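Chain by chain, the residues run as shown.
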Amino acid sequence: MDPEFELLLRGGHVIDPKNHLNGLADIAIRSGKVAEVSEFIGASRAAKVVDVSGLYVVPGLIDMHVHVYGGYEGWLFPDQHALPNGVTTVVDTGGAGWKDFEDFIETIIAKSITRVLAFINIVGAGMTGRPEQDTNEMEARPCAEMIRRYPKHAVGSKSAHFQGPGWESAGGAIEAARLSDSIAMIDFAPKPSRSYQELLERLNPGDIHTHLYAGHIPLLDENLVVNEYVRDARGRGVVFDTGHGNMSFLFRNAIPAIGQGFPPDTISTDLHKSSRMVDTTMPVTMSKFLVIGMPLEEVIDRSTRIPAEVLRRPELGHLSVGAEADIAVLERMEGNFGFVDSLRTRLEGNQKLECQMTLRAGKIVWDRNGISFPKWSDV
Ligand SMILES: [Zn+2]
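The rules behind these values
Residues numbered from 1 in each chain as written. Predicted model: local features only at pLDDT ≥ 70, side-chain atom pairs only at ≥ 80, totals over all residues. Heavy atoms only, no water. Donors = N, O, S within 2.8 Å, 3.2 Å for Na, K, Ca; no water. Buried < 20%, exposed > 50% of the residue type's maximum accessible area, 1.4 Å probe, protein only. Helix = DSSP H or I, 4+ residues; strand = E, 2+ residues; numbered from the N terminus. Contact = heavy atoms within 4.5 Å. Salt bridge = Lys/Arg side-chain N within 4 Å of Asp/Glu carboxyl O. Core = buried A, V, L, I, M, F, W, Y, C linked by side-chain atoms within 4.5 Å. Domains from an automatic or database assignment. Phe/Tyr/Trp six-rings, centres within 6.5 Å; stacked < 30°, edge-to-face > 60°. Pairing = 2+ DSSP bridges. Axes fitted to C-alpha atoms, helices over the stretch in contact; angles between N-to-C directions. 1 Å grid on protein atoms, 1.4 Å probe; cavity = no way out; pocket = protein on both sides within 12 Å on 5 of 7 lines; lining within 4 Å. Points joined across faces, edges and corners; volume = space filled by probe spheres on them. Nonpolar A, V, L, I, M, F, W, Y, C, P; charged D, E, K, R; others polar. Parallel < 35°, antiparallel > 145°, perpendicular 65-115°, else oblique. Left-handed = near helix turned anticlockwise from the far one by under 90°.

(A) View of the coordination of the zinc ion. For the zinc ion, the full set of protein donor atoms is His65 (NE2), His67 (NE2) and Asp270 (OD), and the range of their distances to it is 2.1 to 2.3 Å. Donor residues for the zinc ion sit on one chain with the sequence pattern H-x1-H-x202-D. An identical accessibility class is assigned to His65 and His67; each is buried.

(B) Quick peek at unusual backbone geometry. Of note, the phi angle at His211 is positive, near 75°, even though the residue is not glycine. Mapped onto the elements, His211 comes out in the loop between strand 11 (208–210) and helix 6 (228–235). Its identity is not glycine, yet Leu224 carries a phi of approximately 65°, on the positive side. Inspection of the secondary structure assignment puts Leu224 in the loop between strand 11 and helix 6. By relative accessible area, Leu224 is classed as partly exposed at 47%.

(C) Spotlight on the environment of Gly97. Relative to the assigned elements, Gly97 resides in strand 7 (residues 87–97). Accessibility expressed as a relative area gives 0% for Gly97, which makes it buried. Discounting chain neighbours no more than four positions away, the residues touching Gly97 are Ile120, Asn121, Val123, Gly124, Ala125 and Gly126.

(D) Looking closely at the pattern of salt bridges. In the structure shown here, the tally under the stated rule is 18 salt bridges. The closest approach of N and O atoms between Glu4 and Arg45, which form a salt bridge, is 2.9 Å. Here Glu4, found in the segment before strand 1 (7–16), pairs with Arg45, found in the loop between strand 3 (33–38) and strand 4 (49–51); they are 41 residues apart in sequence, far enough to count as distant. Judged by its relative accessible area of 38%, Glu4 falls in the partly exposed class. In this structure, Arg45 engages Glu36 in a salt bridge whose closest nitrogen and oxygen atoms are separated by 2.9 Å. Judged by its relative accessible area of 25%, Arg45 is partly exposed. If you follow the salt bridges from partner to partner, you end up with Arg115, Glu324, Asp326 and Arg360 in one network.

(E) Spatial organisation of the nonpolar core. In this structure, Phe101 and Phe104 are the most contacted members of the largest nonpolar core, which totals 79 residues. Two domains each donate at least three residues to this core, and these are domain 1 (7–58 + 321–332 + 348–376) and domain 2 (61–310). Sequence-distant contacts of Phe101, defined by excluding residues within four places in its chain, comprise Ala96, Ile109, Ala118, Ile120, Met146, Tyr150, His153 and Ala154. Counting residues in each nonpolar core, the second largest holds 17 residues, with Leu9, Leu55, Val57 and Leu359 among its members.

(F) Up close: the packing of aromatic side chains. Summed over all chains, the structure comprises nine aromatic pairs. An angle of 55° between the planes, with centres 5.0 Å apart, marks the rings of Tyr69 and Phe104 as tilted. With Tyr69 in the loop between strand 6 (61–66) and helix 1 (78–82) and Phe104 in helix 2 (residues 101–107), this pair connects stretches of sequence that are 35 residues apart. Look at Tyr69 and you get buried, because its relative accessible area is 5%. Residues Phe240 and Phe262 carry aromatic rings whose centres are separated by 5.3 Å and whose planes lie at 75° to one another, so their mutual orientation is edge-to-face. Pair noted here: Phe240 is in strand 12 (residues 239–241) and Phe262 is in the loop between helix 7 (251–259) and helix 8 (273–276), with a separation of 22 residues, a long-range link. Classification of Phe240 by relative accessible area gives buried; the value is 0%.

(G) Here's a closer look at the sheet that holds strand 9 (residues 154–159). Here seven strands make up an open sheet; going across it, the order is 6-7-8-9-10-11-12 and the pairing parallel. Looking at strand neighbours, the two that pair on one side only are strand 6 and strand 12, the edges of this open sheet. Neighbour-to-neighbour, the strand axes of this sheet turn through a mean angle of 25°, independent of strand direction.

(H) Region of interest: the layout of surface pockets. Here the largest pocket defines a volume of roughly 510 Å³. In terms of residue class, the lining of the largest pocket is made up of six nonpolar, 14 polar and six charged. Here the second largest pocket is characterised by a volume of approximately 290 Å³. Contributing to the lining of the second largest pocket are 16 residues, with Arg115, Val116, Lys152, His153 and Arg360 lying nearest its centre. With three residues, strand 8 (residues 115–121) is the largest single contributor of residues to the lining of the second largest pocket. Class assignment of the residues belonging to the lining of the second largest pocket gives a composition of seven nonpolar, three polar and six charged.

(I) Molecular detail of the packing of helix 7 against helix 9 (residues 282–292). Helix 9 packs onto helix 7 with a crossing angle of 50° between their chain directions and a minimal axis gap of 10 Å. Regarding the angle of helix 7 to helix 9, the classification is oblique. Judged by the twist between their axes, the crossing of helix 7 over helix 9 is right-handed. Counting all contacts with helix 7, which are made through Phe251, Ala254, Ile255 and Ile258, the residues of helix 9 involved are Lys288, Phe289 and Ile292. Its residues assigned to classes, the contact of helix 7 with helix 9 comprises six nonpolar, no polar and one charged.

(J) Quick peek at the environment of Ala43. As for its position among the elements, Ala43 is in the loop between strand 3 and strand 4. A relative accessible area of 31% means that Ala43 is categorised as partly exposed. Distance from Ala43 to Arg10, taken between C-alpha atoms, is 8.3 Å for residues 33 residues apart in sequence. For Ala43, the residues in contact, after removing those within four places along its chain, are Leu8, Arg10 and Val49.

And the structure:
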């Protein structure tokens, strides 16, 4: 008789915020899905058993700000950066626009093991070729049409890097999201003619401002207190995303804001060629929040359940029975570590997360220390 389960992860500490789980539990997998989560599942019921004691077993991480479309020169192919870091879902943020989104599906999305979702750029050619400055290319209607045509892949619209004085880019993306009943993600540089406060007032509930701790974002007032209008925006349902990146995460903004009760809603990396060089992987970015003082369960929540809800993908970000078995097995290491932000300043900490194993749809796609393999002398 075939065993009941293909795989059993035994003895791990499961953190699954959506299901209010934070303790020792075994997880069994069948047909790529979570089949059972309970305190004890007998080893004989599974074809393969992996001992994950001493490790944290969490839903596959969702990195909702990356650059994986080949049209953009800073792009990275998703699998080799996502899977070794416990990330099973990435969201490309505007690499492709409404003119080249189908090329993105064909060349990257369809070829990745990592689940790739996308915000479609309000600029027709996205981040390909000419920079995102041509206002004639910013069209809400075709952007919204493309979002509607590919609901499996597209989660909303994106505006980024616009240096002009007007609202064509951010306003266009917000309009495209409204027309397609989706969400907008905005990367914003305030100008005298368009303030951060006005942006937050224009965003609809569910829309996202990314890079909240960037140097150019007036999150804090001159006394380093979180501006009241920013809290008001969160109160209305505007979402604040990390988008760490090469330039967009400053300890000098994040530490006071978090101390005043203003954490990011979602933790994300803004992974691309340059940010990869300052080690902005998900486990490292999550570790920074841990070291700043955010409890581990909350760090996991802001990297799994909350991004799934923000992206309106309630099927993701948890380990409910029946869910696709996207799982990250993390180690919480203790020692002396240093973390670097976008200003190239250092924060010292005594803990750091590292991904030991990643499962995508029930398959082991990363195993740092070979814990799922037999000893060479036993075969
Ligand atoms: Zn970005």
